[in-house]
Amino acid sequence: MTTAGTPALQTADPQQIELPEWWRQAVVYQVYPRSFADADGDGIGDLPGILSRIDHLRELGVDAVWLSPFYPSELADGGYDVADYRDVDPRLGTLEDFDRLVDALHAAGIRIVVDIVPNHTSDQHAWFQEALAAGRGSAARERYIFRDGTGPDGSEPPTDWVSVFGGPAWERVADGQWYFHNFAVEQPDLNWDNPEVRADFVRTLRFWADRGVDGFRIDVAHMLTKDLTEPLPSRAELESLPRDGHHPLIDRDDVHEVYAEWRAVFDSYDPPRAAVAEAWVDPARIPLYARAESLGQAFNFDLLEADFNAGQFSRIVGSNLLLAAESGSSTTWVLSNHDVVRHATRYGLPDAERGEDGRPVRKHGNEWLLSGGTTPQLDRARGLRRARAASLFVLGLPGSAYIYQGEELGLHEVAEIPDAQRQDPTFFRSPGEDMGRDGCRVPLPWSADEPFFGFGSGAPHLPQPSWFAEASASAQAGDPTSTLTLYRDALALRRRLQTAETLEWIETGREDVLRFRRPSGWTVITNFGTEPFDLPEGAAPVLTSAPLDGGRLPGEATAWFDAL
Ligand code: GLC
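Residue numbering note: each chain is counted from 1, following its sequence as written. The predicted nature of this model means local features are confined to residues of pLDDT at least 70 and side-chain atom pairs, given and counted, to a pLDDT of 80 or more, with totals for whole chains, interfaces and linings taken over all residues. Note that water and hydrogens are dropped before the side-chain values are worked out from all heavy atoms of the structure.

> I'd like a rundown of the sheet that holds strand 17 (residues 557-561), residues and numbers included.
Strand pairing is assigned whenever DSSP identifies at least 2 bridges connecting the two strands. Helix numbers and strand numbers start at the N terminus; a helix is a DSSP run of H or I with at least 4 residues, a strand a run of E with at least 2. One open sheet accounts for 5 strands, arranged 11-12-13-17-15; its pairing is antiparallel. With one partner strand each, in any of the chains shown, strand 11 (504-505) and strand 15 (543-544) form the two edges of the open sheet. Judged from the 2 bridges that link them, strand 11 and strand 12 (residues 513-517) form a sheet pairing that is antiparallel. For W505, the partnering residue across the bridge sits in strand 12 and is F516. Here a residue-residue contact requires only that any non-hydrogen atoms of the pair lie within 4.5 Å. Angles run from 0 to 180 degrees between N-to-C directions of axes, and those axes are lines fitted to C-alpha atoms, restricted for helices to the stretch in contact. Here helix 9 (residues 310-327) sits on the sheet and contacts strand 11 and strand 12; the angle it forms with strand 12, its principal contact strand, is near 30 degrees.

Here is the structure:
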């Protein structure tokens, strides 16, 4: 459907689906399946639900969809605790539903990327259950990381290490041994020195690639391999060790032996399957993951940690384009995902306090997120205004752009979740300090006047706030000023203006205004400040995130020009 003032939609050409390097400048839409659309009314989003909303994705104009895990899971970590890598959670559908979804997406010219979680399994995985039953010294325990405890009776953990989600990184089992988990207790780490583990993941990759999957997102790609030679270092020693490729747990050089093997698998398909690494590593080491011999592309998460600030944005763009050039890959722009506070809300909060390394140290207590909460108060209108400007800035950049479900509706973080209904382990490990990630995972509002905002016929697994009515897709679809219309227009124009993967910065005379030009002439100007910016004489934008003020770009706004 086109709306007033909207250029005719150009959808992806199904004939182009074979292009080998389609991912380089793709717009990839992240679906968090349990919260996207619920077809069977059990309150949990499912694969038939996604199938029923393909029109939304086609009208939006995305090139690919990335599905967060939809595999059988006890949901100790939102599905990132996988009990079976080669099946669909029965609450989400069947393998036949998956095949239907792949076919329907491909028919709409949209590729599909699935999430692979190789660092850990669920504790419900058959392998872990076997390891528990088989006992110490067994081959089944060798697939994981089991150790004896310390202290006279072994009742102390092997080390004082802490998990990423907080709390001890070791858990004791009935016979007294301990297993290692980087994340939740229910997510035992696999032993990547074990050839059986390696062979099984190759089987999983082939399983999905054979079903027509176009690419893979690799969860915590920097943590798989470990050096656990005794004596193990203490937590303090571990934290002081450099992350130079030889750290015992993080970003080890030898992880790329795994990816070299995977690369051979990806390249055995025509077209080769793509992959993108989720690797939270020193930026200088990102190219190792993004090289063609390794996964081929890596996430750049710098904008997730940046304020809405011209200096920070220009430094991040510059450094990531250089890193991408170094690896021969293209970069990825991410403003929101299922792990962070939505950017419309982040940008409505005061700028982050920063540690010595420049990274934000602020934790979001809930009172920060509720509109009208205690000081410092969230300014929702400002957050959305800046989010629209930042999104248009990012969608004009070279490389691929990731959109997290609901960001095309300008959704804010949902703060109104009672503690009793929260699900995220990070909340339970540090209650009150870290509100966890449920607030960006609330089931989507599709319609203003259907039950549960059109998500499904049953009460959703996380409660939806009343303001979802005006944020819903149906409320926005016909409105030329809505965020949904802005995204649709931007993606259609991006397809038309797309060009080589470079940009040229153009001086604006103002520190808080950035201007860049792509080789086709496509030009983006973003005003990060609050004072309006005088546009060049006669310049007529093809798209803006906010109405122009005469010949001036208002504060906290972006304009696109097809040639300037
Ligand atoms: C990644 C996922 C996150 C998950 C973690 C453990 O960071 O994005 O959601 O909790 O891995 O699998």
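From this point, the narrative continues.
> Let's hear about the packing of aromatic side chains: which residues, and what values?
Pairing of aromatic rings covers Phe, Tyr and the six-membered ring of Trp, with a centre-to-centre limit of 6.5 Å; geometry is then stacked below 30 degrees between planes, edge-to-face above 60, and tilted otherwise. The full count for this structure, using the stated rule, is 39 aromatic pairs. Measuring from centroid to centroid gives 6.0 Å for F146 and Y179, while their planes differ by 55 degrees, and the two rings are tilted. One end of the pair, F146, is in strand 4 (residues 146-147); the other, Y179, is in strand 6 (residues 178-180), and 33 residues separate them in sequence. Grouping residues by exposure puts F146 and Y179 together as buried. Between W467 and F468, the ring centres sit 5.1 Å apart and the planes meet at 80 degrees, which makes this aromatic pair edge-to-face. Note on accessibility: W467 and F468 belong to one class, buried. In this structure an aromatic cluster arises from ring pairing among F308, F313, Y347, F393, W505, F516 and F528. We call a charge positioned above a ring when the Lys NZ or Arg CZ atom is no farther than 6 Å from the ring centre and deviates by at most 35 degrees from the ring normal. If you follow R346 out to its NZ or CZ, it ends over the ring of Y347, 5.7 Å from the centre. Note on classification: 1.4 Å probe, protein chains only; a residue is buried when its accessible area is under 20% of the maximum for its type, exposed when over 50%, partly exposed between these limits.

> Break down the pattern of salt bridges for me, with residues and values.
Counted as salt bridges are all cases of a side-chain nitrogen of Lys or Arg within 4 Å of a carboxyl oxygen of Asp or Glu. Evaluation of the coordinates by the stated rule reveals 34 salt bridges. The partner of E239 in a salt bridge is R235, with the nearest N and O atoms 3.1 Å apart. With E239 and R235 both in helix 6 (residues 235-240) and 4 residues apart, the pair spans about one turn of that helix. Put simply, R441 and D339 hold a salt bridge, and the shortest N to O gap is 3.2 Å. Placement of the pair is R441 in the loop between helix 13 (425-429) and helix 14 (468-471) and D339 in the loop between strand 9 (332-334) and helix 10 (343-346), with a sequence separation of 102 residues. Of the residues examined, R441 reaches a relative accessible area of 4% and is grouped as buried.

> Residue-level account of the site of the ligand, with values.
Here, proximity means that at least one heavy atom of the residue falls within 4 Å of the molecule or strand. In the vicinity of the ligand, 14 residues are found, and the nearest of them are D77, D219, E278, H338 and D339. The term polar contact refers here to a pair of N or O atoms within 3.5 Å; inside protein, the definition further demands a hydrogen-donor-capable atom paired with an acceptor-capable atom, and it admits residues adjacent in sequence only when both atoms are side-chain atoms. Interatomic distance of 3.1 Å between a side-chain N/O atom of R217 and an oxygen atom of the ligand. Residue E278 places a side-chain N or O atom 2.8 Å away from an oxygen atom belonging to the ligand. Burial of the ligand by the protein amounts to 96% of the accessible area it has alone, namely 300 Å². The classification used treats Ala, Val, Leu, Ile, Met, Phe, Trp, Tyr, Cys and Pro as nonpolar, Asp, Glu, Lys and Arg as charged, and all other residues, Gly among them, as polar. Across the shell around the ligand, the residue classes tally to 4 nonpolar, 3 polar and 7 charged. Residue-level accessible areas treat just the shown protein chains as cover; the underlying method is Shrake-Rupley with a 1.4 Å probe.

> Explain the nonpolar core residue by residue, including any values.
Among buried residues, the Ala, Val, Leu, Ile, Met, Phe, Trp, Tyr and Cys ones that are joined through side-chain atoms within 4.5 Å form a nonpolar core. Formed by 135 residues in total, the largest nonpolar core has its most connected members in F98 and W262. Shared between two domains, this core holds at least three residues of each, these being domain 1 (19-119 + 197-491) and domain 2 (126-180). Excluding its chain neighbours within four sequence positions, the residues that come into contact with F98 are L47, L67, F70, V88, I112, V114, W208, R211 and V213. The domain boundaries here were taken from an automatic or database domain assignment.

> How would you summarise the sheet that holds strand 5 (residues 170-172) if you had to cite specific residues and measurements?
With respect to topology, 3 strands assemble into an open sheet ordered 4-6-5, the strand pairing being antiparallel. At either margin of the open sheet sits one strand with a lone partner, and together these are strand 4 and strand 5. Relative to strand 6, strand 5 runs antiparallel, the two sharing 3 bridges. Within strand 6, the position partnered with R172 by the bridge is W178.

> Explain unusual backbone geometry residue by residue, including any values.
At the junction of E230 and P231, the peptide bond is cis and its omega measures out at -5 degrees in the coordinates. When you line up the elements, P231 lands in the loop between strand 7 (215-218) and helix 6. Unusually for a residue other than glycine, V220 sits at a positive phi of about 30 degrees. The residue V220 is located in the loop between strand 7 and helix 6 in this model. Judged by its relative accessible area of 6%, V220 falls in the buried class. With a phi angle near 55 degrees, D251 is a residue other than glycine that sits in the positive phi range.

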